[in-house]
Every structure is written in structure tokens, then in C-alpha cells.
Amino acid sequence: MVEDLDAILRAAHFAAEKHAGQRRKGKAGEPYINHLLEVAQLVSSALTEPDANLVIAALLHDTIEDAGVTKEELAERFSSDVASLVMEVTDDKSLPKPERKRLQVVNAPKKSVRAQFIKLADKISNMRSVLSSPPVHWDDERKQRYFEWAKEVVSRLSSPSPVLMAEFERTYKRFDELAAPR
Ligand code: ZN
């Protein structure tokens, strides 16, 4: 639908503006919007029926956590459905990092089925980045720890999309191949 397309592109534009100047942590330093478009595309590719709000929430999934946007602003510009979805995948940044990582594991099963699409796509995108452009100071052990933590989170999702799960497994295996002695 035309309105859906317009709203999706509006979300992409809003995300690009809000994350302008931010880059991925990897050595290639890709613009942050690449990650958001990748997550939204993964979510969209796994949908069995149209869900424009879910694609929009995927584009906006880091705006509250990393770009200082509020839930109210998302509700106003997009919809309360979009705002709630983004809230569901937003970590509480007032907590220390290890606690946030622990809570992602603990809270994974409580996420709505739609939020689980975003969680899973986000992990796939992050793992792909670790494979293709890891942060400079990360050694293999650090990468391995990230992959294992991501797997722990994902394994606790109650109803993950089979399409995304298959992609997650493929991406996870690529790390083993990379780390295997040649
Ligand atoms: Zn993300």
C-alpha cells in the first residue's frame, strides 16, 4: 500500500537523520544506517504476511537507545504500536553493560512474537559485522564470547521466525569456519 511505503521510507529517513554521524564499531566504520536497513530488510524478508509497523520498528529499533529519541516522539510521528515495539527491544542504558547483557538473556522469552523478529535480525546483523568488520581491539576470544552470548539470547526466544533462525545458524557457523585452524 502507498501509505505503508510512505511510512516505511519516512522511518528510514528519520532514522538516517537521528543516527547521522554515528558509525558502526567495526574497523570499516560503516554508517549506522547500514545496520538499520539490514535489520529492517531481514525482518521484512521473514514476514509471512505484511506488517509495515514491524518493518518501521526495525528501522527505528535503536533510536531510543542510541539517538535520544523518546517513546512519545515515536508514538506521535509513527504510532503507539511502533513505539511499543521499539521499547520492547530497548535496553535500559542506566544499567551497567554486563547487567544489560544478562537481562537480554533473561527477558528474551517474554518478548512479543513481533519483537522477537527484531531481536533475532539485530543479532544476525551484529554477528555479520563481527565477521566482516570486527572492532579493532577484539581478538578471536572476544568475538567468540559475543557469538555465544547472542546464541544464548536467541535460544531463549519462545517463537523465533524459522527463516531468521536458519539465517542465524548459517551466520553462527561462519564463525566456526573462520576460527577453524587452516
Ligand atoms: Zn541494532
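This text follows the structure it describes.
If you're wondering where the values come from, they're calculated on a predicted model, not measured in any experiment. (Residues numbered from 1 in each chain as written. Predicted model: local features only at pLDDT ≥ 70, side-chain atom pairs only at ≥ 80, totals over all residues. Heavy atoms only, no water.)

In this section: the pattern of salt bridges. Within this structure, the stated rule accounts for 12 salt bridges. Linking Arg114 and Asp81 is a salt bridge whose minimum nitrogen-to-oxygen distance equals 2.9 Å. Within this pair, whereas Arg114 is found in helix α8 (residues 113-132), its partner Asp81 is found in helix α6 (residues 80-88), the two being separated by 33 residues in sequence. Taking relative accessible area as the criterion, Asp81 reaches 27% and is therefore assigned partly exposed. In this structure, a network of salt bridges that share partners links the residues Glu38, Arg128, Glu167 and Arg170. (Salt bridge = Lys/Arg side-chain N within 4 Å of Asp/Glu carboxyl O. Helix = DSSP H or I, 4+ residues; strand = E, 2+ residues; numbered from the N terminus. Buried < 20%, exposed > 50% of the residue type's maximum accessible area, 1.4 Å probe, protein only.)

Looking at the zinc ion, one finds its protein donor set to be His35 (NE2), His61 (NE2), Asp62 (OD) and Asp122 (OD), positioned 2.2 to 2.4 Å from the metal centre. One way to put it: the four donor atoms around the zinc ion meet at angles of 82 to 174°, and that makes the site irregular. For the zinc ion, the single-chain donor residues occur in sequence as H-x25-H-D-x59-D. A residue pair is termed long-range when its members are at least 10 positions apart, and Asp62 in the loop between α3 (52-59) and α4 (63-67) and Asp122 in helix α8 qualify at 60 residues. No difference in accessibility class separates Asp62 from Asp122, as the two residues are buried. (Donors = N, O, S within 2.8 Å, 3.2 Å for Na, K, Ca; no water. Tetrahedral: all angles 85-135°; square planar, octahedral: opposite > 155°, others 65-115°.)

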